[in-house]
Amino acid sequence: MQPNVCEENLTMLTDFYELTMGNGYFLNGFSKKQTYFDIFFRKVPDNGGFAIAGGLSDIIRYVRNLHFSGADIAYLRGKGIFDEKFLAYLKDFKFEGDIYAVPEGTPVFPYEPIVTVKAPAVQAQLMETFLLLCINHQSSIATKANRIVRAAKGRPVMEFGSRRAQGIAAAVIGARAAYIGGCVATACTLTDELYGVPAAGTMAHSWVQMFDDEYSAFKFYTETYPHNAILLVDTYNTLKSGIPNAIRVFKEYLASGRTMANYGIRMDSGDLAYLTKKARVMLDEAGLKDAKIVVSNSLDEYLINDLLQQGAVIDSFGVGERMITSSSSPVFGAVYKLSAVEGEDRVIVPKIKISENTDKITNPGFKKVYRFYDKKTGKAIADEICLHNEIVNEALPHTIFDPKATWKQRTLKGFRVRELLVPIFRHGELVYKEPSLPEIQQYCKAQTETLWEEVKRFENPHVYNVDLSRKLWDLKKKMLDTEGCKL
């Protein structure tokens, strides 16, 4: 079980209206009314082809610790608007419902449920803010990291963003999410201590400035850390001072008969394409072909892609602020919407939200999501959102269609399917065995590889099909028609 960076009770990390609604639900006899809520998002960050799901680990710990302390109830009583019977109910509050979610590291697409909560109305409503907080933040960082790692084309990427993160938890948990997306290490020591993401780092410019000269700074560092002597060479003059001094130190150390497991230079400024090409020539001519070249400095997937296209000679990247804040697309935009309630005799009654903005019309009912894979290639073909009791038979042809352009149809053969949403809690009890963080990272990598390259493009990616089953589409259309709207 992985630790939670936030040890305190987080039940009160909720929007106040969830408490006012909870009080109202209770007073109206809805405290035991079963409800179904979906978390989904409407747009992929950076106009990409897919996102990476994150945040489930913290959701699990939050739900297991969900309770109101005496201090919490005293605070609510002090607001003067909550009924005493409701406050008494909160005293023994615990989650008693079911949660289904896609595993962390899964590629996900707009409008499909990535978390579904089935629980009594008060319980389900009170969880909205925290669940969205986890999904929105960690999916955003995991998605950005995945893009950056793919741009690096197999070169290791390290997360260097703690000092620019938007808060303590954002730095620590954000580094974990970046690891899920594919980063090999983090500069955040606490993330290593808590979650086991390898901590990495060598020196800053202040180390070089602390010494009387650059050569002495490099020499002492190499003598101290020969297993990881990555020297920062751009404090004064990269080509005329930094690299020559690094070469001198490396050659002297190796000439003494000693070895270095990992050594090289790092650049954090200047024209990195030009400088790395020059640096590689200088290192090679000095007989230091094993020396690595590491670069940092406000990088993202676009800059990394440009550097490599320009022939930059780089062995690994350190990426900070633009990853840890997902600065180019900082809002993931997942929402939490009611999709059904249970009526008499536990019959599921679908609910729909209607808007003049058609993108905000929800998909009603208790649902599941199937992902179709081509048996020959192993590639993902499409996702289909279905009602919870629908079964796809792999032995039979299956027709999918575009819910916005129903004449666009495709009949699938030779496929396999899997359900994306898996049980996490049943009747309030955890039933999901969490994989280790390295296992989540490997799963993310493997699942990303099932996507066609066209879907993974950074610019104008192919739109992956997320369709509605015929039963769900018919239900949605009927509900829209009943409300006087047209699909």
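Our structure is the block above this text.
Each chain carries its own residue numbering, running from 1 in the direction its sequence is written. For a predicted model such as this one, the threshold for reporting local features is a pLDDT of at least 70, and the threshold for listing and counting side-chain atom pairs is 80 or more; totals across whole chains, interfaces and linings nevertheless cover every residue. For the side-chain quantities, the full set of heavy atoms in the structure was used; hydrogens and water were omitted.

**Student:** For the overall build of the protein chain, give the residues involved together with the corresponding values.
**Tutor:** Secondary structure assignment for the protein chain yields 16 helices and 21 strands. When the backbone C-alpha atoms are referred to their principal axes, the protein chain occupies close to 85 × 60 × 40 Å. For the exposure calls, accessible area comes from a 1.4 Å probe over protein chains only, and a residue counts as buried if that area is under 20% of its type's maximum, exposed if over 50%, partly exposed in between. Counting across all 487 residues of the protein chain, residues that qualify as buried make up 52%. Contacts in the protein chain between residues far apart in sequence, at least 24 positions, make up 73% of those at least 6 positions apart. What counts as a helix is a DSSP run of H or I of at least four residues, what counts as a strand is a run of E of at least two, and both are numbered from the N terminus. Here, two residues are considered to be in contact whenever any of their heavy atoms come within 4.5 Å of each other.

**Student:** Go over the nonpolar core, please, and point to the residues and values.
**Tutor:** In terms of nonpolar packing, the biggest core is built from 129 residues, with I265 and F317 touching the most fellow members. Among the elements that make up this core, the one with the highest residue count is helix α6 (residues 128–151) (10 residues). With near-sequence residues (within four places) excluded, I265 lies in contact with I230, L231, V233, I243, A246, F250, A279, L283, K292, I293 and V294. Residues enter a nonpolar core if they are buried and are Ala, Val, Leu, Ile, Met, Phe, Trp, Tyr or Cys, with the set joined through side-chain atoms within 4.5 Å. The next biggest cluster of nonpolar side chains, apart from the first, holds 10 residues, and it includes V392, I400, L412 and V417.

**Student:** Tell me about the sheet that holds strand β1 (residues 34–40), and please be specific about residues and values.
**Tutor:** Two strands are said to pair when DSSP picks up at least two bridges between them. Pairing is antiparallel in the open sheet, where 7 strands are placed in the order β13-β12-β1-β5-β3-β19-β20. Both outer strands of the open sheet, β13 (348–350) and β20 (429–430), are each paired with one neighbouring strand and no more. As paired elements, strand β19 (residues 422–426) and β20 share 2 bridges and run antiparallel to each other. Note on β20: the bridge partner recorded for R426 is E429.

**Student:** So, the sheet that holds strand β18 (residues 415–419): which residues are in play, and what are the values?
**Tutor:** Pairing within the open sheet is mixed, and its 4 strands lie in the order β18-β14-β15-β21. On the outer flanks of this sheet lie β18 and β21 (465–468), each paired with one strand and no other. Sheet twist, expressed as the average angle between the axes of neighbouring strands with direction ignored, equals 25°. Of the strand pairs in this sheet, strand β14 (residues 367–374) and β18 are connected by 5 bridges, and their pairing is antiparallel. The partner of R371 across the bridge, within β18, is R418. Along the sheet, helix α16 (residues 470–482) makes contact with β14, β15 (380–387) and β21, crossing β15 at roughly 50°. Simply put, an axis is a line fit to the C-alpha atoms, just over the touching stretch for a helix, and the angle between two N-to-C directions goes from 0 to 180 degrees.

**Student:** Now, about the packing of helix α2 (residues 56–64) against α6: what can you tell me, with residues and values included?
**Tutor:** Their axes nearest at 9 Å, the elements α2 and α6 cross at an angle of 160°. In terms of axis orientation, α2 runs roughly antiparallel to α6. With respect to the hand of their crossing, α2 and α6 are arranged in right-handed fashion. Where α2 abuts α6, its residues D58, I59 and Y62 lie against F130, L131, C134, I135 and Q138. Amino acids are sorted into nonpolar (Ala, Val, Leu, Ile, Met, Phe, Trp, Tyr, Cys and Pro), charged (Asp, Glu, Lys and Arg) and polar (every other residue, Gly among them). Tallied by class, the residues present in the contact of α2 with α6 amount to 6 nonpolar, 1 polar and 1 charged. These descriptions rest on fixed angle ranges, namely under 35 degrees for roughly parallel, over 145 for roughly antiparallel, 65 to 115 for roughly perpendicular, and the rest for oblique. Two helices crossing with the near one rotated counterclockwise from the far one by less than a right angle form a left-handed crossing, whereas a clockwise rotation gives a right-handed crossing.

**Student:** Give me the side chain of K118: which residues, what numbers.
**Tutor:** As for its position among the elements, K118 is in strand β5 (residues 115–120). Relative accessible area serves as the criterion here: at 16%, K118 is assigned to the buried category. Beyond its immediate stretch of four places on either side in the chain, K118 contacts Q34, T35, Y36, G97, D98, E342 and R346.

**Student:** Now, about a nonpolar patch on the surface: what can you tell me, with residues and values included?
**Tutor:** Each patch groups residues whose relative accessible area exceeds 30% and which form no salt bridge, using 9 Å between like charges and 5 Å between nonpolar side chains of Val, Leu, Ile, Met, Phe, Trp and Tyr. Accessible surface is estimated by sampling points in the Shrake-Rupley manner with a 1.4 Å probe; for residues, cover comes only from the protein chains shown. Here a salt bridge means any side-chain nitrogen of Lys or Arg lying within 4 Å of a carboxyl oxygen belonging to Asp or Glu. A contiguous nonpolar surface patch, about 280 Å² in accessible area, is contributed by F16, Y75 and I81. Mapped onto the elements of the fold, Y75 is located in helix α3 (residues 70–78).

**Student:** Describe in detail the packing of aromatic side chains, supporting the description with residues and values.
**Tutor:** Any Phe, Tyr or Trp ring, taking Trp's six-membered ring, that has another such ring centre within 6.5 Å forms a pair; planes under 30 degrees apart are called stacked, those over 60 apart edge-to-face, and the others tilted. Taken as a whole and judged by the stated rule, the model has 25 aromatic pairs. Taken together, F16, F26, F68, F82, F86, Y89 and F93 form an aromatic cluster joined through their ring pairs. Over the face of the ring belonging to Y215 we find R248, whose NZ or CZ atom lies 3.6 Å from the ring centre. Any Lys NZ or Arg CZ that is within 6 Å of a ring centre and within 35 degrees of that ring's normal is treated as a charge sitting over the ring. When the ring centre of F401 is taken as origin, the NZ or CZ atom of R470, which lies over that ring, is 4.6 Å away.

**Student:** I'd like a description of unusual backbone geometry, backed by residues and values.
**Tutor:** One non-glycine residue with positive phi stands out, namely D46, at about 60°. Of note, D46 is situated in the loop between β1 and β2 (51–52). Positioned with a positive phi, H427 is a non-glycine residue whose angle comes to about 50°. Secondary-structure assignment places H427 in the loop between β19 and β20. A residue is classified by how much of its surface remains accessible, and H427, at 65% relative accessible area, is exposed.

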